[in-house]
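# Topology and contacts: notes
Given next are the chains, with one letter for each unit.
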Amino acid sequence: TSMTEGQVGYVRGTLAHKMLVNETADAAAVTSVASLATSATILAANAARVGCIIDNSDANALFIKYGATATTTTSYTVKIAAGANWTMPLPTYRGIIDGIWAADGSGAAQVTELT
């Protein structure tokens, strides 16, 4: 299912990947989760989710995980630096998102869920 330069003909193949569609959101819900040094739910599972933005206002890094029970060393999806934010890429993950900070601080995760 491939050709090299100079070859003439048709390439036959199958569509093995799903097409990513840019969805639009009709609503946004903003919540806040206080900094904790233990795993906490950042967003509950939501079949209507089309995206989310998480802003880490704490002085410590926030480790988020697609799934339950995040850890700072071996079980996380994305590390959000202190004072930084993260926007969920496509494809949209609609399951539970947990998080844990590198240390307990005085900040929070400001979470905007788009549906």
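Located above this text is the structure these notes cover.
Notes on the structure in this doc start here. Note on numbering: residues in each chain are counted from 1, in written sequence order. A pLDDT threshold of at least 70 governs which residues receive local features in this predicted model, and a stricter bar of 80 or more applies before side-chain atom pairs are shown or counted, although totals over entire chains, interfaces and linings include all residues. Here the side-chain values reflect all heavy atoms present in the structure, with hydrogen atoms and water set aside.

## Observations regarding the sheet that holds strand β3 (residues 51–56)
Strand order in the open sheet formed by four strands is β1-β8-β3-β6, with antiparallel pairing between adjacent strands. Every interior strand has two partners, whereas the edge strands, β1 (28–34) and β6 (85–87), have only one. Within the sheet, the average angular offset between the axes of one strand and its neighbour, ignoring direction, is 15 degrees. When DSSP finds at least two bridges between two strands, those strands are taken to pair. Helix numbering and strand numbering both begin at the N terminus, where a helix is a DSSP run of H or I of at least 4 residues and a strand a DSSP run of E of at least 2. Note: β1 against strand β8 (residues 108–114), seven bridges, orientation antiparallel. Among the inter-strand pairings, A29 is bridged to a residue of β8, identified as E113. Axis lines are fitted through C-alpha atoms, for helices just across the contact stretch, and the angle between N-to-C directions can take any value from 0 to 180 degrees.

## Notes on the side chain of S75
In this structure, S75 sits in the loop between β4 (62–66) and β5 (78–80). In protein, a polar contact requires one atom able to donate a hydrogen and another able to accept it; more generally it is a pair of N or O atoms within 3.5 Å, and residues adjacent in sequence count only if both atoms are side-chain atoms. Of the polar contacts made by the side chain of S75, one reaches the side chain of K65; its length is 2.7 Å. The contact criterion used is simple: two residues touch if any of their non-hydrogen atoms lie within 4.5 Å. When residues no more than four places from it in sequence are discounted, the contact partners of S75 are K65, T69 and A70.

## Some words on the sheet that holds strand β2 (residues 40–43)
Spatial ordering of the open sheet is given by β2-β7-β4-β5, a layout of four strands whose pairing is antiparallel. Here the strands that pair on one side only, and so sit at the sheet edges, are β2 and β5. Strand-to-strand twist of the sheet, defined as the mean angle between neighbouring strand axes without regard to direction, takes the value 35 degrees. When β4 meets strand β7 (residues 97–101), the two strands line up antiparallel, connected through five bridges. Residue F63 lies in a different strand from β7, and its bridge partner there is I100.

Treat this as a map of the structure, not an account of what it does.
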